[in-house]
Amino acid sequence: MTELIFLTMAIAALGGWIAWNCLSKSVTVWEHEHVLVFRHGKLRGPLAPGKHRLWGRGLEITRLDARWQENVIQGQEFLTADKVPVKVSGLVRFRVADAELNVKASQNAWQTLYSAVQLALRDVVGGLGIEGVLERQADHGAKLKELVAPAAEALGFELDAVVIRDLMISGDLKRVYTQAVTAKQEALAGLEKARGEAAAIRVMANATKAFESNPALLQLRFLQTLENSGGYNHQLFMGPLDPLMSFLNK
């Protein structure tokens, strides 16, 4: 009788252990995770960080990383507004903000976001000439983020930044562009030099007019030059010489 009782208890304990393991599931949620619980395909809700014991059949767990991610958008060739081909790669920084929306919105949320960034790169590059694309590369981030943000939000992502990572043109085009930039800088330098010379001529013309209308200024300037002359390279703007000669002959 005693052996029968022990056998019955052992069978009951075994059955309870099997039921415990078959009908329940232990789940540990980390701080950096979003964890969703589904039962027979229906969302039961998210789980907070910590250890949980879930009961019932048909349970499925979906885990999403809640940390910031930085993913590269591989280089793709686009045409600028002036029909110059450039190869552009990008970088997007994001994280999952709404886990439920992220799971339900797309079969592959990251791939959908990837496509949205590619379209944004095409729109930004295609809206500018090659000069604007190359010279304003650091400024494209704000526009790219503005274009991608609606798609990211619809996928349950929080978007931090979208930037151009690399921008490449062919060797021949790069050489031509470098020559054009050099020529432009030389032209600007020549223009600045011409402006300086024009300003110096205006100063001399104004000084000459002042001496013509007021001979005493010429006399004062002559005396100042004589007083300060301690070496070479001193300049004196002179108007008509008659007032000066009359002054010196006194």
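Here we summarise the structure given alongside this text. (Residues numbered from 1 in each chain as written. Predicted model: local features only at pLDDT ≥ 70, side-chain atom pairs only at ≥ 80, totals over all residues. Heavy atoms only, no water.)

### Section: the packing of aromatic side chains
As enumerated under the stated definition, the model contains three aromatic pairs in all. Both rings, one in F94 and one in W110, keep their centres 5.4 Å apart while their planes meet at 5°; by these two values the pair is stacked. In this pair, F94 is assigned in strand β7 (residues 85–96) and W110 in helix α3 (residues 109–126), connecting sequence segments 16 residues apart. Note on F94: relative accessible area 2%, which makes it buried. Seen from their ring centres, W110 and Y114 are 5.6 Å apart, and the 85° between their planes marks the pair as edge-to-face. A residue pair is termed a helical-turn pair when its members lie 3 or 4 positions apart in one helix, as W110 and Y114 do in helix α3 at four residues. A relative accessible area of 13% places Y114 in the buried class. What links up through ring pairs into an aromatic cluster is the set F94, W110, Y114 and F157. (Phe/Tyr/Trp six-rings, centres within 6.5 Å; stacked < 30°, edge-to-face > 60°. Helix = DSSP H or I, 4+ residues; strand = E, 2+ residues; numbered from the N terminus. Buried < 20%, exposed > 50% of the residue type's maximum accessible area, 1.4 Å probe, protein only.)

### Points about the pattern of salt bridges
Enumeration according to the criterion identifies eight salt bridges in this entry. For the salt bridge of R67 with D65, the shortest nitrogen-to-oxygen distance reads 2.7 Å. D65 gets classed as partly exposed once you look at its relative accessible area, which sits at 31%. When the shortest N-O distance is used, the salt bridge between E158 and R95 registers 2.9 Å. Of this pair, E158 sits in strand β8 (residues 157–168) while R95 sits in strand β7, and the two are 63 residues apart along the sequence. (Salt bridge = Lys/Arg side-chain N within 4 Å of Asp/Glu carboxyl O.)

### Considering the sheet that holds β7
Across a sheet, paired strands are connected by hydrogen bonds in the backbone, their directions being either parallel or antiparallel. An order of β6-β7-β8 is seen for the three strands of this open sheet, with the pairing classed as antiparallel. Where the open sheet ends on each side, the last strands, each with one partner, are β6 (69–79) and β8. Recorded for the sheet is a direction-independent mean angle of 25° between the axes of neighbouring strands. Two elements, β6 and β7, share nine bridges in a ladder whose sense is antiparallel. (Pairing = 2+ DSSP bridges. Axes fitted to C-alpha atoms, helices over the stretch in contact; angles between N-to-C directions.)

### Overview of helix α5 (residues 140–154)
For α5, built from 15 residues, the straight-helix expectation of 21 Å at 1.5 Å per residue is met to within 8% by its first-to-last C-alpha distance of 22 Å. Approximately 40° is the largest bend angle found in α5, and it occurs at V148, with the proline P150 only one to four residues beyond. Restricting attention to buried positions, one finds in α5 the residues H140, G141, L144, V148 and A152. Just downstream of α5 lies G156, where phi reads positive at about 85°. (Expected span 1.5 Å × (residues − 1). Bend = angle between axes of the 7 residues up to and from the residue.)

Remember, this is a structural readout, not a statement about activity or role.
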